[in-house]
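Now for the letters of each chain:
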Amino acid sequence: MKDFIIPDDRDMGTPARVGAPVTLEIDGIAVTVPAGTSVMRAAAEAGIQIPKLCATDSVEAFGSCRLCLVEIEGRRGTPASCTTPVAPGMVVNTGTSRLRKLRRGVMELYISDHPLDCLTCSANGDCELQDMAGAVGLRDVRYEAPENGGLANHFEARNTSGEANPAWMPKDDSNPYFSYDPSKCIVCSRCVRACEEVQGTFALTIEGRGFDSRVSAGGAGDDFLGSDCVSCGACVQACPTATLQEKSIIEMGTPDRSVVTTCAYCGVGCSFKAEMNGDQLVRMTPYKHGKANSGHSCVKGRFAYGYAHHKDRILSPMIRERISDPWREVSWEEALSFAASRLRGLQAEYGQKSIGVITSSRCTNEETYLVQKLARAVFGNNNTDTCARVCHSPTGYGLGQTFGTSAGTQDFASVDHADVVIVIGANPTDGHPVFASRLKKRLRAGAKLIVIDPRRIDLVKSPHVEASHHLPLRPGTNVAVVSAMAHVIVTEGLMNEDFIRTRCDWDEFQHYAEFISDPRHSPEATAMLTGVDPEELRAAARLYATGGNGAIYYGLGVTEHSQGSTTVMGIANLAMLTGNIGRPGVGVNPLRGQNNVQGACDMGSFPHELPGYRHVKGAEVRSIYESLWGVEIDPEPGLRIPNMLDAAVDGSFKGLYCQGEDILQSDPDTKHVAAGLAAMECVIVHDLFLNETANYAHVFLPGSTFLEKDGTFTNAERRINRVRRVIPPRNGYADWEITQMLANAMGANWSYAHPAQIMEEIALTTPSFAGVDYALLEEKGSVQWPCNAEHPEGTPLMHVDGFMRGQGRFIITEYVPTDEKTGPRFPLLLTTGRILSQYNVGAQTRRTDNVVWHEEDLLEIHPHDAEVRGVAEGDWVRLASRSGETTLRATLTDRVSPGVVYTTFHHPDTQANVITTDFSDWATNCPEYKVTAVQVSLSNGPSEWQEDYAEQAALARRILPAAE
Amino acid sequence: MSSPTPATEDIQTILAEHLHLEGPLLPILHALQEAFGHIPKAAHPLITDALNISRAELHGVISFYHDFRDKPAGRHVLKICRAEACQSMGGTVLAEATLAKLGVAWHGTTPNGAVTVEPVYCLGLCACAPAAMLDDRVLGRVDEERMGKLLAEAGA
């Protein structure tokens, strides 16, 4: 690799090993490495780069290119250094004249079948074949085409007489982000191995043999787009030549420098190098030393960043008197003073508590902190909430109650030590693909998998991965299933009594054990309710309890229910019962949806909590902020999002500052959200695009993308990662600056000059962040909270010696069926989810080429349910619930059980949330997205609501030409 | 030539017979080819499902072995050796003449479906080069005349 990349980013040739130290001598240099390390990697550790082509440190050694030959004293021949493990006292020579001659001969053969168009090649300057030709001193290629027998190469389309070369294959440009040019391929198999070992999709192979060997995506006749390829980019990353190349590099040229930053999509929080050519971003590549992703990526973070330059992006502030008016572009001063005076006016007329904020899970910690500070210090109320309300608020509550911290217990690397993994209500291969690759790697190495999900997600069965048990429960019966598992563990005596006695409250356990042992919780008793085969459930519970390290990963399929918090507690109970807490390979791990949803919760976005999950009722906590900010903080919790909307409809809540969040599309019961927004007198939307919420806004403040600002994101493993500015904000200001300007326009006197200063304030006031500062993040790359005097380098594993709250607490998990019930009018249950190529409401991914994989939301319906309704594949269907109706196309699949239908919510035209109800979690108001009773029938086209909505949206999005 | 499309049940039966083996893919492919004269396309999803492998992996294995066919061969298969010893003993001329006589290219089948001609690289009969193989019969010292008889015998 080239040296524009951070120096220690060298390719070490083969993966690192863990083992006892072994000392050997390479070219006279003594080097000590773990046993099992290859000679190639040991040499790289000593600073010696042995020439190589088929080896790269993201995949296991393959030994095919024969370029990395070395001589080892006392051994015959010239073994490949990539496949030869080190041995104590070994003496290796890497550069004898014999080796040089051999390498030159090998290289000559490679180059005899490779075009010599380096100067115009897209990999010019970033090509390992080119580098190696230089390194071995290749000066001449003696091989020539046979005199009368065709070309005998793969790279010339025609010979000089114009005859076609049958061995030549055209470029495959079917993938929107990268191209496959077979004429440049040296068949090193790095792409095939990366697809298998790193990504775990097995979409690529080498077809044919010998001179006919070619890389092939899928089967005969498939192209990349038509194959199983998920466009994660691992093959492109592994390719040493221009064969698999990003189209952006082909268009713009190779990068000259890079900035390490953090992806702004899901909660995995992958580290990326934003590679620049001058002031242009030419490529995002996964950063090898990123601790969340270890050099892997998915299609979103790797390729789908084009939305930053999409034509829909709004770059100037806009205001309007009424939402029926067209937008008017104005200066920042005018927009901010308009917003400030309206908000102050509303407070004067309707009271201090008549306005509030919604913080964004996509913005940085520093920005979120400022937005909640705006509510608490400037508005003078606690009316702050965040989209975690609609996703993982039950996680915060449930884990807080049982363990004492509102976050997952492990780091992602922990899964490498798991023996039994339960995935419940999550679809990692689509929602958290980089974690899913890590999980699949562990499963291929022998760990067992239990999937609890109404749908047959890909993990249940995909190449080389198969769940031992899939429990396809009826949506809404999570608590019954989790309790039944606990029932089996307790009644069959499979619990870890030692752990419970030493780490948990024994009296509470006794009480819990009595409750859970009741036969009404048995799998047999609840089977009618849950639809889960009792024998299968018993087997799954036994496996989890007795199979070694048991780790639970869960997603929104757990939380977005009327009993979301109860299920989280039930999951925590399972982990405590079996002692699966406090060491690598175990734990309870929420897979968080958005890039900074963990951070948004940590930063005090909730109306009842100051940063660090400390209740506003606590006078000592309030006093920390009161003395620092010089204001009085309201001791009463403020309004949650649904309460804000209810209060707006009632006329007591009038103004909202909504940063980076599209509540109209993402929140349940769209009609109610629309009514609430329409009733407000000042809605300020701070976003990249005129999103659906902006249709009801009076002020639009253009936002900045993650590429345009500094800050930090906190991922699902509590890891605080740096976000670094790559390009200047196209809208003029980073989001934290805009919030500061709004606060100052309202009379505050904030003077933060850099997000580092905001982090200083966070560290000063929040015990779990006390040790965090930008200098530490520069040094360590990232750090997992709590990070303070007790844990100066952060905390990868929580609850190691004891629970944060002291003793783990077993909480009774009584199953209460949701009020949302099927009946004659609405006989089916709708559950919702997402797919790999799209993200959340799609505001970003719909504005990238990712739409080739998913251009519309589809309704998955079981063939039996489809047949009785006369629905065929691809038909338009009307999807109706008690709340509303919409139309979309149907697809028939047995992934869903009879009686269950499924769709995604990525597209505003579909508005799946028109259907969802306003039922919500009893503890946190997290909406019950995952269960809605519906009916499906054939339809001719859009519903009345969709038509009205489209009309209103078109009207609301008019922008007047800028005044001269 | 015109064998009916293999029934899913028949393919499943063959799969089931081999799934207990360690590394069952090659035995399955051989059994399918034995039963149907080729590896039917319809078997691909059934194999990938039964073995839980990707279709790319299956394609990689099938395409690696030239003897696996994607369509049935003629009634007889004639393999002519193209390895060095046979080449030096007139194998190339023999092969070219045979192909010209039948009017087919390598891997081609005569229009009447009688013979498919394939190259093979060494039959282990170098001492009796040029060598060929008609169905299961290996033949040494094949000249054009002998080839003519063989082809007539095969009905080409």
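Residues numbered from 1 in each chain as written. Chains lettered and ligands numbered in written order. Predicted model: local features only at pLDDT ≥ 70, side-chain atom pairs only at ≥ 80, totals over all residues.

**Things to note about the overall build of chain A**
Turning to step 1, where the next piece is worked out: A tally of helices and strands in chain A yields 29 helices and 36 strands.
Turning to step 2, where the next piece is worked out: On C-alpha atoms alone, chain A measures out to a radius of gyration of 29 Å, which is about the 30 Å that the 2.2 N^0.38 rule sets for 964 residues.
Turning to step 3, where the next piece is worked out: The C-alpha extent of chain A, read off along each of the three principal axes, is 90 × 80 × 65 Å.
Turning to step 4, where the next piece is worked out: Out of the 964 residues in chain A, the part that is buried amounts to 58%.
Turning to step 5, where the next piece is worked out: Summarising the internal contacts of chain A: among those between residues at least 6 apart in sequence, 71% fall at separations of at least 24. (Helix = DSSP H or I, 4+ residues; strand = E, 2+ residues; numbered from the N terminus. Rg over C-alpha atoms; globule rule 2.2 N^0.38 Å. Buried ≥ 20, exposed ≤ 12 C-beta atoms within 10 Å, placed from the backbone. Contact = placed C-beta atoms within 7 Å.)

**Some points on the sheet that holds strand 9 (residues 257-262) of chain A**
Across a sheet, strands are paired by hydrogen bonds formed along the backbone, either parallel or antiparallel in direction.
Residue and element names in this part refer to chain A.
Turning to step 1, where the next piece is worked out: The strand order 9-10-11 describes an open sheet built from three strands, whose pairing is antiparallel. Here the strands that pair on one side only, and so sit at the sheet edges, are strand 9 and strand 11 (280-286). Within this sheet the neighbouring strands show an average axis-to-axis angle of 30°, counted without direction. (Pairing = 2+ DSSP bridges. Axes fitted to C-alpha atoms, helices over the stretch in contact; angles between N-to-C directions.)

**Let's talk about the interface of chain B and chain A**
Turning to step 1, where the next piece is worked out: Of the residues lining the interface, eleven residues belong to chain B; the matching set on chain A comes to 19 residues.
Turning to step 2, where the next piece is worked out: Among the elements that take part in the side of chain B that touches chain A, helix 4 (residues 55-64) of chain B stands out by supplying seven residues, more than any other.

**Examining the environment of V138 of chain B**
Residues and elements named next belong to chain B.
Turning to step 1, where the next piece is worked out: One can find V138 in strand 4 (residues 137-139).
Turning to step 2, where the next piece is worked out: Accessibility expressed as a C-beta count within 10 Å gives 15 for V138, which makes it partly exposed.
Turning to step 3, where the next piece is worked out: Considered as a pair, V138 and G124 are 14 residues apart in the sequence and their alpha carbons are 9.6 Å apart.
Turning to step 4, where the next piece is worked out: Among all residues touching V138, those that are not within four sequence positions of it are L123, L125, A131 and M133.

**Observations regarding the domain arrangement of chain A**
All names here are of chain A.
Turning to step 1, where the next piece is worked out: The assigned domain composition of chain A is domain 1 (7-136), domain 2 (178-309), domain 3 (318-389 + 597-764), domain 4 (393-590) and domain 5 (828-956).
Turning to step 2, where the next piece is worked out: Measuring from the centre of the C-alpha atoms in domain 2 to the corresponding centre in domain 3 gives 37 Å.
Turning to step 3, where the next piece is worked out: Facing the 17 residues of domain 2 at the interface are 17 residues of domain 3.
Turning to step 4, where the next piece is worked out: Taken together, the elements giving at least two residues each to the side of domain 2 that touches domain 3 come down to strand 9 and strand 10 (271-277).
Turning to step 5, where the next piece is worked out: Take the side of domain 2 that touches domain 3: its biggest share by element is four residues, from strand 9. (Domains from an automatic or database assignment.)

**Regarding the pairing of strand 17 (residues 448-452) of chain A**
Residues and elements named next belong to chain A.
Turning to step 1, where the next piece is worked out: By the criterion of burial, strand 17 is predominantly enclosed, with five of the five residues buried.
Turning to step 2, where the next piece is worked out: In the sheet, strand 16 (residues 420-424) pairs with strand 17 via five bridges, with the strands oriented parallel. The partner of I424 across the bridge, within strand 17, is I452.
Turning to step 3, where the next piece is worked out: Note that strand 17 and strand 20 (residues 469-471) share three bridges and pair parallel. Each bridged residue has a counterpart across the sheet, and for V451 the counterpart in strand 20 is H470.

**Re the nonpolar core**
Residues and elements named next belong to chain A.
Turning to step 1, where the next piece is worked out: In this structure, C191, C235, V421, V481, M485, I552 and I571 are the most contacted members of the largest nonpolar core, which totals 164 residues.
Turning to step 2, where the next piece is worked out: Broken down by element, this core gets its largest block of residues, ten residues, from helix 13 (residues 478-491).
Turning to step 3, where the next piece is worked out: If we ignore the near neighbours within four places in the chain, the residues touching I571 are V482, I552, Y554, V558 and V588.
Turning to step 4, where the next piece is worked out: In terms of nonpolar packing, the next biggest core, distinct from the first, is built from 106 residues, A339, L639, Y696 and L879 among them. (Core = buried A, V, L, I, M, F, W, Y, C linked by C-beta atoms within 7 Å.)

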